[in-house]
Amino acid sequence: MLAEIKGLNEECGIFGVWNHSQAAEITYYGLHSLQHRGQEGAGIVATDGKVLHGHRNLGLLADVFKHGELEGLKGTGAIGHVRYATAGGKSLGNVQPFLFHFSDSSLALAHNGNLINAKTLRKELEEEGAIFQTSSDTEVLAHLIKRSRTGDFLKDLKVALNKVKGGFAYMLLTENAMIAALDPNGFRPLSIGRIGDSYVVASETCAFETVGAEFVRDVEPGELIVIDDDGLHIDSFTKDIKHSICSMEYIYFARPDSNIAGINVHSARKRSGKQLAREAFVDADVVTGVPDSSISAAIGYAEESGIPYELGLIKNRYVARTFIQPSQELREQGVRMKLSAVRGVVEGKRVVMIDDSIVRGTTSKRIVNLLREAGAAEVHVRIASPPLAFPCFYGIDIQTRNELIAANYSVDEICKIIGADSLRYLSEDGLVEAIGKPYPDEPYGGLCMAYFNGDYPTDLYDYEAEYLASLAAQKNGI
């Protein structure tokens, strides 16, 4: 489902290529396939071996590079970024990749995720004299690198990477190398591909198909990947790792044609739908999914239940993102512009509406109402994930329980609020089994399930006190 409707957003997507004569153009097409991961800004930095040149701006990728800006990004290496802001404001200054020029070198930096000790580090750095140019947590890494002072860039980078905590997939570009690094939990996906003698790195493998790259391997937690004219070099900055892939990547964020840790996203969602049908069957006439991320689960539910799948909801793909307005009436109109119920499919029918998650509940209520207005006799809502009741601190823009309807109301109460005839969620165990346990020896099969049960795989650092206070306040009914 569209992020701007649902109110759930992932920070960004990153892509890079090395040793390609059209590096900036390849990066553009790679980023285009990752546009779903961020629509607020985009940028590309390229190197010709001597100088780094970049361009970035607010807006969709096609708008940022619509006046021939790619022609000025010469070179055989490039990295790019599409952004949604979770940490830092929605301003041009925070659009990445950041480009830093030093007395003897330059550095471009792009980041997917969220640092959970950025406030503390920023304060320490400012006290030491650092002057920050942005409000983004990404800039912290650049300051840490320059303050490591080991005399070797990669050693400086390793020191810095061991100081930052939380969720991070980094891409760095220097005059003579492209570097990728993944946090010790591997919250965000990051993969390596190859086009002939060229290497590419991307947030999702779907980008490889777009640029004609062949999958090589995933970047593992704690790894530091260096790609230069001598080829691919695999190093690490820590051995203290614990696989905790964000389960919402499989449920919602990633494109269905991407593979994460060897598991196809569409197949995982389809299995989730099948498991949901086994756990929460309801007698009905049609099954429909909320476009786009819930379609796979809806197909699985229909196959397992024997109830026919129909396109009961249609998404208008040509609506601009400018509908978000302050008045409730215009918000309602925005949903109607983006989604339509198909009267010929749902009128007089008992409908099972499959969605991937319920965040605040407002969108679910509007979609149930759309189906009823189109003549649905009954609307039974089935969610292909457990109740989303805990905030995420690793790169998703929900960081308080107050925002989450499942943290404040029971399933029966939510059912009444959204106006459904019934509401059921997939169980935690059902979700883990359906995704497929990418790392079976790790907790939850190598998944982060904190959004559903509050079992965070790391300390929360800057967020710890605020989070505990919110739990206490909620428990006391404040």
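What you see is a predicted model; the values in this text were computed from it and never measured. (Residues numbered from 1 in each chain as written. Predicted model: local features only at pLDDT ≥ 70, side-chain atom pairs only at ≥ 80, totals over all residues. Heavy atoms only, no water.)

Asker: Just to check I follow, could you spell out the pattern of salt bridges for this structure?
Answerer: Pairing is possible between side chains of opposite charge, provided their charged atoms come close. For the coordinates displayed, the defined rule picks out 18 salt bridges. In this structure, K158 engages D235 in a salt bridge whose closest nitrogen and oxygen atoms are separated by 2.6 Å. In this pair, K158 sits in helix 6 (residues 153-161) while D235 sits in strand 13 (residues 231-236), placing the two residues 77 residues apart along the sequence. A residue is classified by how much of its surface remains accessible, and K158, at 23% relative accessible area, is partly exposed. The partly exposed category is assigned to D235, whose relative accessible area is 33%. The partner of E403 in a salt bridge is R360, with the nearest N and O atoms 2.9 Å apart. Linking E403 in the loop between strand 21 (378-383) and helix 14 (411-418) with R360 in the loop between strand 20 (350-355) and helix 13 (362-373), this pair joins segments that are 43 residues apart in sequence. According to the relative accessible area criterion, R360 is partly exposed, its value standing at 31%. (Salt bridge = Lys/Arg side-chain N within 4 Å of Asp/Glu carboxyl O. Helix = DSSP H or I, 4+ residues; strand = E, 2+ residues; numbered from the N terminus. Buried < 20%, exposed > 50% of the residue type's maximum accessible area, 1.4 Å probe, protein only.)

Asker: I keep staring at the confidence of the model for the protein chain and nothing clicks. Help me out?
Answerer: As a note on interpretation, predicted positions should not be read in detail where pLDDT is low. Of all residues in the protein chain, 92% have pLDDT values of 70 or greater, and the mean over the chain is 92. Overall, residues 1-5 carries pLDDT values under 50, and its contacts beyond four positions in sequence, including any with other chains, amount to 28 contacts. (pLDDT = per-residue confidence, 0-100. Contact = heavy atoms within 4.5 Å.)

Asker: What should I look at first to understand the environment of S340 in this one?
Answerer: Locating S340 in the fold gives a position in strand 19 (residues 339-341). Sequence separation between S340 and H55 is 285 residues, and the spatial gap between their C-alpha atoms is 38 Å. Those residues within four positions of S340 in sequence are excluded, and the remaining contacts are G312, L313 and I314.

Asker: Could you clarify how one ought to interpret the side chain of H81 in this entry?
Answerer: Tracing the backbone shows H81 in strand 4 (residues 77-83). Other than its neighbours up to four places away in sequence, H81 contacts C12, G13, I14, L31, G41, A42, G43, Q96, P97, A110 and H111.

Asker: Hey, could you run me through the packing of aromatic side chains in this one?
Answerer: Working definition: an aromatic ring pair is given by the centre-to-centre distance plus the angle between the planes. Throughout the structure, instances matching the rule amount to 13 aromatic pairs. Both rings, one in F168 and one in Y170, keep their centres 5.1 Å apart while their planes meet at 35°; by these two values the pair is tilted. You can call F168 buried: its relative accessible area is 0%. You can call Y170 buried: its relative accessible area is 0%. Consider the rings of Y456 and Y467, whose centres lie 5.4 Å apart with planes at 85°: the pair is edge-to-face. Residue Y456 is located in the loop between helix 16 (450-453) and helix 17 (464-475), and its partner Y467 is located in helix 17; the two are separated by 11 residues in the primary sequence. Look at Y467 and you get buried, because its relative accessible area is 8%. Through pairs of rings, three or more aromatic residues link up here, namely F187, F393, Y394, Y456, Y463 and Y467. The side chain of K146 reaches across the aromatic face of F102, ending 4.2 Å from its centre. (Phe/Tyr/Trp six-rings, centres within 6.5 Å; stacked < 30°, edge-to-face > 60°. Lys NZ or Arg CZ within 6 Å of the ring centre and 35° of its normal.)

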